[in-house]
Amino acid sequence: RENASEVRRAFNIYTTNLNFNPEKYVYSGSAEEKKRMIREDKMPTAVDVIRSDLDARDLYRNMVQTKLEDAKAEFLFQAKQVEENNGDVDRFEVSELLSLLRDAATAAD
């Protein structure tokens, strides 16, 4: 599947080259939340945090890929509309295309 999508391939290469310390992580929540989780013995392990991070990266990768595929389809549809109307570029509606590209950029950030 990776060869079919440069987006998937790029994100997978990025993820593969990440280095995690399986022994520790930095908790980013509030001090109160951390204290509560420690008292209740609910602090995630480093492995849990790494797994969660990788899962989130996969979800964002899939979102970027989907939005770019949708943008490509929208572009081709709009280009066909222009062609069917004797090259009338006023028929090319960019709002949906721009929205899809913005969504892809947001997911990639």
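Residues numbered from 1 in each chain as written. Predicted model: local features only at pLDDT ≥ 70, side-chain atom pairs only at ≥ 80, totals over all residues. Heavy atoms only, no water.

Enquirer: Honestly, the overall build of the protein chain in this entry has me stumped. Any pointers?
Expert: The helix and strand tally for the protein chain stands at four helices and zero strands. Of the regular secondary structure in the protein chain, the N- to C-terminal order runs α-α-α-α. For 109 residues, the compact-globule formula gives about 13 Å, and the C-alpha radius of gyration of the protein chain, at 21 Å, lies well above that figure. Projected onto its principal axes, the C-alpha coordinates of the protein chain cover approximately 70 × 30 × 15 Å. Counting across all 109 residues of the protein chain, residues that qualify as buried make up 17%. Within the protein chain, counting contacts between residues at least 6 apart in sequence, those at least 24 apart form 55% of the total. Accessible area of the protein chain: about 8,500 Å², with a carbon and sulfur share of 51%. (Helix = DSSP H or I, 4+ residues; strand = E, 2+ residues; numbered from the N terminus. Rg over C-alpha atoms; globule rule 2.2 N^0.38 Å. Buried < 20%, exposed > 50% of the residue type's maximum accessible area, 1.4 Å probe, protein only. Contact = heavy atoms within 4.5 Å. Areas by Shrake-Rupley, 256 points an atom, 1.4 Å probe, with all protein chains shown as cover.)

Enquirer: Help me understand a nonpolar patch on the surface, please; the structure alone is not making it clear to me.
Expert: A surface patch of nonpolar side chains, about 290 Å² in accessible area, is lined by L68, V94, L98 and L101. As for its placement among the helices and strands, L101 is situated in helix α4 (residues 95-108). (Patch = residues over 30% accessible without salt bridge, like charges linked within 9 Å, V, L, I, M, F, W, Y side chains within 5 Å. Salt bridge = Lys/Arg side-chain N within 4 Å of Asp/Glu carboxyl O.)

Enquirer: Which parts of the structure should I look at to understand the side chain of R61?
Expert: Within the secondary structure layout, R61 lies in helix α3 (residues 46-84). Residue classification places R61 among the buried residues on the basis of a relative accessible area of 8%. Excluding its chain neighbours within four sequence positions, the residues that come into contact with R61 are V7, R8, F11 and N12.

Enquirer: When you look at the layout of surface pockets in this model, what are you seeing that I'm missing?
Expert: A probe as big as a water molecule, rolled over the atoms, marks out the empty space that is left. Space inside the largest pocket adds up to approximately 180 Å³. When residues of the lining of the largest pocket are traced back to their parent elements, those giving at least two are α1 (6-16), α3 and α4. Among the residues making up the lining of the largest pocket, the classes are represented as five nonpolar, one polar and three charged. (1 Å grid on protein atoms, 1.4 Å probe; cavity = no way out; pocket = protein on both sides within 12 Å on 5 of 7 lines; lining within 4 Å. Points joined across faces, edges and corners; volume = space filled by probe spheres on them. Nonpolar A, V, L, I, M, F, W, Y, C, P; charged D, E, K, R; others polar.)

Enquirer: Sorry, what's going on with the packing of α1 against α3 here?
Expert: Packed helices, taken two at a time, are described by their axes: the angle between them and the distance between them. Their axes nearest at 9 Å, the elements α1 and α3 cross at an angle of 160°. Here α3 runs roughly antiparallel to α1, going by the angle between their axes. In the packing of α1 onto α3, the handedness of the crossing is right-handed. On α3, the residues that touch V7, R8, F11, N12, Y14 and T15 of α1 are L54, R57, R61, N62, V64, Q65 and L68. Residue composition of the contact of α1 with α3, by class: six nonpolar, four polar and three charged. (Axes fitted to C-alpha atoms, helices over the stretch in contact; angles between N-to-C directions. Parallel < 35°, antiparallel > 145°, perpendicular 65-115°, else oblique. Left-handed = near helix turned anticlockwise from the far one by under 90°.)

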